[in-house]
Amino acid sequence: MFSRSRWLAVACFLVYGAAPQAWAQDVSGRARDSVAKAQAAYASTRAPQYLPLETVRSGTVRMPEQLARRVSVKLDAVPLQRVLMEIATQAGLGLSYGEDLVRAAPTVSVDIAGRSAADALASAVAGTRWMVLVTATGQVTVNRADVLMVGVINGRVTDRATSQPIEGVQITVDGTRLGAETSSDGRYTIGGVTAGAQHVTVRRLGYDVQTQIVMVSDGATQTLNFALGRAAVALSQVVVTATGEERTREVGNSLTVVDLSNENAPIANTQELLTGRVPGVTVLGNSGQAGSGGTIRLRGVNSISQGNSPIIYVDGVRMSGAHTPTSVGGRQDVSPLNDIDMTDVDHVEVVKGPAATTLYGTEASGGVIQIFTKHGKKGSAQGILDASTGFNNMGHIGVASDTTGMFVNKCSGVLSIGDGTKFQDATCPASGSWLSNGQISRYSLGVRGSNDSDDYYLSGNLNDEHSVLQTGNNRTAGVRGNISVHATPTLTLSLNSTFVKRDVRWYPDGLSSNAFLLNVSRGPGTFFKGSGCSDPTVVCILNDSIFTINNTTNTNHFITGGTATYTPIPKLSVRMSAGYDYDVADITDITPFGHLRVPLGSIAETQWNRTLITLDLAATLRHSLGRAFESTTSFGGQTFDSRLNQTDLSSSNFSAPGVPTLTSGSLRNIVGQNEQRVINAGYFAQEMIGWRDILFVTGGFRVDGNSAFGTGFGLQTYPKVSASYVISDEKFWPSRFIETLKLRAAVGESGKAPGAFDAVRTWDPVAAENGQSAFEPSQVGNPSLGPERTREVEGGFDASMFNGKMSLSYSYYTTRTNGALVPVTLPPSLGFAARQLENVGILRNNGSEIAVNVDVLKRRSAELSAGVQFTMVRSEAGDVGGQTITVDANSLSFVQQGYAAPSYFGDRVTNPTALADPVVEHNAFLGATFPTSIITPRVTLRLLNRVSFDAIGEFQRGGHLLNSIGFANEGLFTWQPCFDTQAKLRLAAAGNTSALADVTALDRARCSIDSKVKSAGFWVERADFFKLRSLSMTYSLPDRVLGSSNGSSVTLSARNLFKNTPYTGTDPESADQLVSSFARRDYYVFPAPRTFLVSIHTGF
Amino acid sequence: MTNSSRTLRTTLVIAIASALLVTACDLKVTNPGPIADEQLSSVTAIPALVNGMSGDLSLALGRYIDRGALGSGELTEAGLFIPEGHYYLGQFVPQDVNADWGNMQTARWTAESGLVRMKAVLGAGFDANVNTPRAYLYGGFANRLLGENVCTSVIDGGPAGSDSVYFTRAESLFTRAFTLATALNNTSIATAALGGRASVRAWLGNWTGAVADALLVPTAYNFNAVFSTNTARENNDLVNQTLTRSETSVFGTVYAANNKEPRATWDTVKTGTAITKGANGTAIFRQTKYKTLAAPVSLTKGTEMLLLRAEAALRAGDVTNAMLLINAERTTFALAPLAATTTAAAWTALQSERGLLLWLEGRRLWDLRRWFAEGTNTFLTGRDKCLPVSADEAASNSNLH
């Protein structure tokens, strides 16, 4: 280690023009000012600070005048100090050296004429173990070259507008592995920095990337502060694409990054995170079942038959997005997306539309969600603890006029229905209601750290959530380990692994004879009748029996991915990833022995596992094309091996009570077994030409082969072209109001593969003639089958205005799916009843996405920001093979040319408001299934840098939902909104001609007491709603409270606190998932509750 | 060459080689389970192929009985299924009949195409193979099921034709079944073929031929469609809809008047003193003719032959013999004889007896339809008479456009 104390007194000291002189350097761009400031600070320090001579000669800093002076030296085989003295004398440099140089007395020869002193000094020490150091004032010293000279950089990072410290900023010394992250007071320290000029870069989502040059001196501490401006449009932000990392300014399509460090309220899962935060994303909750997966769509529906779920990448490794099979009794499933614990997540990138997902290949037309988990934090180990506790609460169910809340809110005493039938539930809880608060507990503990060669993040979490009913809970326990090792200066290895165990117990729900809402809301029409009521004159029911049924989904999900990043030279990067995703589920429905409805009991079990093995390779080469052009060439390949195994078993008629197994019943059945394996392999190439770092034009293609393609299709090629133009960086741009404006446009294709065996004619082995082996026709097969191709054209802009106080992003897109895989019906008289997929359909989508964020107020004591996102989606089925495709007849869900896919069709009252008998149109269009517009406002208020309030709302419009609860319960006279109308209908039936004078045609139809008039079509309703999705208040604790320097906070939060909707069922987002996840029907689906939580977050 | 260039070149070679390795992966897919079409064309696959014909016939019949019963007044809708509601109202909507049309056509096609495959595989041994008469028999009954319930014939994606086409094909298939079974001394199959042929000959107007065949079928003889608890596909679905679930009821039908009738039995389930109701509020009178998921359904039986002969006699104006044959049928159930001296009364007795004897066997709609056409029964007034060409067939079969 260099130590000035080891040096002798000056051997020679000559001063010419010794006035302090600031370093100046040749840096371009916006860093120039900050570098000059740093340089001035360096030059003003009292102690002389030495830089390597090479740093000065390289031009990074301005050369002191003395070093530029011309000298001539011709000395042969003399001690080094003699040569140095000669040069210093001629140039007027101050020279000093230590006794070790005197003792070593190396001999050198120099023959230089008319060269700069700097060159002469370099020539003198060339080939020796010595190096020259210089100061800004032209003093020269000599040190041993093999003695490392290092210093320390520290400082503070603050918000430029509020001067408040910013936590979690990543500071890196460019070209090194050195770095740090700011603590809650915004401070950081980086030690072991090599002396000399160092570029230091700071990054944080939501802020500008900033780089400063700092002069690090041996043994000295250099303070380097940053004041970051909020980046309404962060063009320097690095995002991850299929080819690797790209700066936002280079990306020609819309891409949304959700930074979890900006979220105060605890977020339960990915679907909750995406709700209201990303334009173009539709999230429908489906159910109030704890643990149930929602429906996620990016930019609408691009496929009729192949699903529309986005593909998912976690830390660059693809994972399966397949939900578990739906519980037969619970009617919901588990989404693997929700197996990523939100406390582990750093940020999420959402890539929408085929124009952006082309290089991800077949299956990417539904979009891509990339989840990035936390990694090691520079500096010493840091612990993170998150803990939440709270409860679910249901509130009133159904329309306000129904005071019993569909007999759920109130179940005590003798109740009656519309026809006067009285009933009593002998098993109604003592509280008089089936509802109670469901406890919620969430705990997460993590630790992250880093040293010079590797970094790590380790965590564990426990979550336990109970429903508002007697049964129903979701328990998860998970661990994660993320490790990165810098094996060599050019090779980094990382391994990211997680394991999640999930145990869900569903309450019986939806379209099931044992379902809670189906039975309770039907009053005396429940399937659970018995005796024991205090009033023997009424129908006695025993709905408590519902909860003896045990419906469970237990999963074990292991995901691991290893990535090797090889950077042999700065302009070339090669990344290879291998991933293994193994998800195994056991779905069991047990009706116990002695059950009221099925006395001998039954058990049904589905054993399911899904494996996805992936291998990715991507290489990127950046090189200059001269002048203002730069080329970025990328290419790579990918293969995935997807395996699905599912076995369905059942057993019934148990011989005795007890915990049954599949062998407990006298009747045992192997219901089905499915084993599939699909392999996809492809490669891609992309070329991006950049011009002056302002304009970027990108072209690329992806070629895929898939084992599901028919024999005649072979490889599929998907092209893409995009452009990004940062017009605000042009000199002519008047940046007074709009300081940043990026224009972008993209066109690209992606596709979805057909099912694994859709190309092959097959027969199914079955049993017939009482268990003898037999065949039945299965799949006609289509050897010409190929993937459906979706082409998207997208354009838009990202703008930052009014000095970063406002941001505006706009995107318009239009997609067309050609060769859409449509399940075409072949003439049933040809024997094969199953529909055959054919590439015959056309689907169209178009829409707009707008995101506006405004800093309304930004003071040191208060900050108020507001934002709104608007999503509009227009979907239309083009030619779908000249037929109407039935998605689910009982859901009235069909795909028909000229209408959104899917839509409701059925009976419609054409004179709904007329005070007359209904006029009914058959097979009429009743409405689109999915919403056509979504508006999500958000307001955040921060006071005194301690307290913040955050609210997120969501409007959805344009969607419809079949209210099968109303349709069914009306006929049973248990639909309270029909009681009055039905009474009048009875009077009319009895001859009272004026009874219906004030009853509309629609009410007469919906509430009909004549089975010939009833129709489910009358119950397709608008599913518009506004929900207050999230409301939270966070208090940042002073460090002294918990003794933590890494930030602690307490948050009170609530979800779904308020709902407003014209929908008369229980919830406009409800949908039974067993029949179809594409069609939507609210068939006695118990709605989502409100959630209240108290959370604490602390780092230590 | 500089070190940088060398590194770059080496890296590119490695990357390209890796990419080629990745993309050269074998794309073959493993597919245990489904059986390739060509694998059925072997001698060893023939028994399972013919079992499949039987299974497809049972499936088509078993899943149709419930809806056919709703459409012909044998049962009342008690649930909320939309297609079943339409059947109950006598509205046979093309979209609603997709499943039944498809199942019936599959049963016909697997038998007829299976016979073609068997001929190709067995060659000269075709006629002597024990499975061959079974295949003809299932083909005959599958065609009869179509003929008795749908309005229009469509064969293998061809044009529309008369419903009698099915009966004509059935007669031919039954004849081949009878001939080959007789040659193989398979009395059961031969008798079943006679019973089936007797019925379709009658429906084709050949009452003489029908009586000739019927006389050869013993009164105690019964040939059933097989159902089983072995797998859900083999279940008698009517039992599932009526006993496991409560989707249909005998309540409101003519059969609800007498729950002591041995050929049309039913019971009720009560909650306290109240009869349990279905989802749409209809009181549940549960059919108990079929009590288990394995309960067989008759395809032809000797008692039916008695009534067939009775009808032939009645059509010939022989009321006396008609009533003798009707009462012979009743005697097998230990029922008191009926008396009728007029043709009209005899027709009433005959129609009632056929309704009771063939109750919930998927046969009633045809009887009502032909009697309605002849003016001897009015139940189908204002109701659809038979299943139309399904929406799927109409949309996909270019020969129908």
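Residues numbered from 1 in each chain as written. Chains lettered and ligands numbered in written order. Predicted model: local features only at pLDDT ≥ 70, side-chain atom pairs only at ≥ 80, totals over all residues.

Caption draft 1: Molecular detail of the overall build of chain A. Looking only at helices and strands, chain A features 14 helices and 58 strands. Here the C-alpha radius of gyration of chain A, 35 Å, is about what a compact globule of 1100 residues would show, namely 31 Å. Seen along its three principal axes, the alpha-carbon backbone of chain A occupies a region of about 125 × 65 × 60 Å. Taken across its 1100 residues, chain A has 54% of its residues classed as buried. Within chain A, contacts between residues separated by at least 24 positions form 69% of all contacts whose residues are at least 6 apart in sequence. (Helix = DSSP H or I, 4+ residues; strand = E, 2+ residues; numbered from the N terminus. Rg over C-alpha atoms; globule rule 2.2 N^0.38 Å. Buried ≥ 20, exposed ≤ 12 C-beta atoms within 10 Å, placed from the backbone. Contact = placed C-beta atoms within 7 Å.)

Caption draft 2: View of the overall build of chain B. Per the secondary structure count, chain B includes 14 helices and 11 strands. Along the first, second and third principal axes, the C-alpha atoms of chain B reach 115 × 65 × 40 Å. By residue count, 52% of the 401 residues in chain B fall in the buried class. Of the contacts formed within chain B by residues at least 6 apart in sequence, a portion of 69% connects residues at least 24 apart.

Caption draft 3: Representation of the interface of chain B and chain A within the structure. Counting from both sides, the interface comprises 67 residues of chain B and, opposite them, 71 residues of chain A. Mapped onto the side of chain B that touches chain A, the elements with two or more residues apiece are α1 (3–23), β1 (35–36), α2 (46–71), α3 (82–88), α4 (98–122) and α14 (391–396) of chain B. Among the elements that make up the side of chain B that touches chain A, the one with the highest residue count is α1(B) (nine residues). Inspection of the sheet shows strand β40 (residues 762–768) of chain A paired to β1(B) by two bridges, in the antiparallel sense. Its bridge partner lying in β1(B), W763(A) is registered against I35(B). (Pairing = 2+ DSSP bridges.)

Caption draft 4: Fine view of the sheet that holds strand β8 (residues 170–173) of chain A. Residues and elements named next belong to chain A. On the basis of which strands lie adjacent, the open sheet formed by four strands has the order β9-β8-β11-β12 and antiparallel pairing. Because the sheet does not close on itself, it has two edges, and the strands there are β9 (179–181) and β12 (210–216). The average angle at which neighbouring strand axes cross in this sheet is 20°, direction not considered. (Axes fitted to C-alpha atoms, helices over the stretch in contact; angles between N-to-C directions.)

Caption draft 5: Representation of the environment of A145(A) within the structure. Residues and elements named next belong to chain A. As for its placement among the helices and strands, A145 is situated in the loop between β6 (139–144) and β7 (150–159). Residue A145 is classed as partly exposed on the basis of its C-beta count, with 14 C-beta atoms lying within 10 Å. Excluding its chain neighbours within four sequence positions, the residues that come into contact with A145 are R129, W130 and M131.

Caption draft 6: Unusual backbone geometry, seen in detail. Residues and elements named next belong to chain A. Here the amide bond leading from A901 into P902 is cis, since omega sits at -10°, within 30 degrees of zero. Within the secondary structure layout, P902 lies in the loop between β47 (893–895) and β48 (903–909). Positive phi outside glycine occurs at N923, with the angle close to 50°. Position of N923 among the secondary structure elements: in strand β49 (residues 920–928).

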